[in-house]
Amino acid sequence: MSTSEHKLQRLKERITLLLNKAENTTFPHEAQAFQEHAERLMVRYGIGRAELDAQSAKAGKKKEAIVEEHFDMHGVYRLGQRDGLSAVGRAFRTVSMLQTNYSKSCRLYIIGHESDVATVKNLFTSLIVQATAAMTHWWADEGKLYTQWYSDSEKSIERREFQRSFYLQVASRIANLYREESESNGNGTELVLVSRKEQVDDFVSSKYPFLRRSRNRAASGSANASIAGRIAGTKADLGFGKHVDAAAAGEVAS
């Protein structure tokens, strides 16, 4: 095992240890500190994987494959999930997101290097569960109080707005983590991330030369739902799954 590979293995072990500590402590502030530390290390791990792959390419070794996988969403909240999760995927800096909209479902295409796609897909599955739980709690405690005169359709839009804003806040958190890590590590890291993304963009351009923008826009909800969703998003677990390299199923229903 090379020095770089050894460092990544040690980093993965530290992430696992921190996530376990976050789960097992009974003190909320301590759990949050462990979780935030793990999140920073997971971004660092992803950057390390990109740097290792770049080193392998320079040495003439096999590079990590670029793959495409999809993630399906169904149900009344699918448009909010589509918009929010697209932003989450793009926040990773090295992944491209495409979408297809059907009459009763949406499909997101996650395109990137294999490890990056596995991370994003795994996080999507976790966030769907977290956003649904947070929305249910908010709706029972607060949402119903100010929407008692709303139509059923308007109430659905409010819940969808909560979820959309939840994901957008998560995307903002991930983007900030990448920016901070990139700034602390210098221009070399930024160049590696840009190069990795350019490889993905070239793959997308070659495979899909006739892409066009989607015009399927979802109606927005109130500021109350948006603010509540963003507040909940600040508390989301960005564990990227309990195993750093684990891939997850690509279809959910809601």
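Because the structure is predicted, anything quoted here is derived from the model rather than measured. (Residues numbered from 1 in each chain as written. Predicted model: local features only at pLDDT ≥ 70, side-chain atom pairs only at ≥ 80, totals over all residues. Heavy atoms only, no water.)

## Describing the overall build of the chain
Moving on, step 1. Each helix and strand counted, the chain has 7 helices and 3 strands in total.
Moving on, step 2. Seen in sequence order, the chain has helices and strands lined up from the N terminus as α-α-β-α-β-β-α-α-α-α.
Moving on, step 3. Over its C-alpha atoms the chain spans a radius of gyration of 19 Å, differing by no more than 12% from the 18 Å that the globule rule assigns to 254 residues.
Moving on, step 4. C-alpha atoms of the chain, sized along the principal axes, occupy 65 × 50 × 30 Å.
Moving on, step 5. Among the 254 residues that make up the chain, the fraction classed as buried is 46%.
Moving on, step 6. Sequence separation of at least 24 residues holds for 79% of the intrachain contacts in the chain that already meet a minimum separation of 6.
Moving on, step 7. Surface accessibility of the chain: about 13600 Å² in total, with carbon and sulfur atoms responsible for 51%. (Helix = DSSP H or I, 4+ residues; strand = E, 2+ residues; numbered from the N terminus. Rg over C-alpha atoms; globule rule 2.2 N^0.38 Å. Buried < 20%, exposed > 50% of the residue type's maximum accessible area, 1.4 Å probe, protein only. Contact = heavy atoms within 4.5 Å. Areas by Shrake-Rupley, 256 points an atom, 1.4 Å probe, with all protein chains shown as cover.)

## Side note on the nonpolar core
Moving on, step 1. Grouped together as the largest cluster of nonpolar side chains are 42 residues, with contacts concentrated most on Leu85, Val88, Phe124, Leu127, Phe166 and Ile174.
Moving on, step 2. Of all the secondary structure elements, the ones that give two or more residues to this core are helix H2 (28-58), strand E1 (66-74), helix H3 (78-90), strand E3 (105-113), helix H4 (114-146), helix H5 (152-185) and helix H7 (223-233).
Moving on, step 3. Among the elements that make up this core, the one with the highest residue count is H4 (11 residues).
Moving on, step 4. Non-local contacts of Leu127, meaning those with residues more than four positions away in its chain, are made with Leu85, Val88, Phe166, Tyr167, Val170, Ala236, Asp237 and Leu238.
Moving on, step 5. Leu11, Ala22, Leu41 and Leu52 belong to the second-largest nonpolar core, a separate cluster that totals 12 residues. (Core = buried A, V, L, I, M, F, W, Y, C linked by side-chain atoms within 4.5 Å.)

## A closer look at the packing of H3 against H5
Moving on, step 1. Contact pair H3 / H5: the axes reach a minimum separation of 8 Å and the direction vectors enclose 5°. As summarised for this structure, H3 and H5 are arranged roughly parallel, according to the angle between their axes. Here H3 contributes Leu79, Gly80, Gln81, Asp83, Gly84, Leu85, Ala87 and Val88 to the contact with H5, which in turn contributes Arg160, Gln163, Arg164, Tyr167, Leu168, Val170, Ala171 and Ile174.
Moving on, step 2. Its residues assigned to classes, the contact of H3 with H5 shows 9 nonpolar, 4 polar and 3 charged. (Axes fitted to C-alpha atoms, helices over the stretch in contact; angles between N-to-C directions. Parallel < 35°, antiparallel > 145°, perpendicular 65-115°, else oblique. Nonpolar A, V, L, I, M, F, W, Y, C, P; charged D, E, K, R; others polar.)

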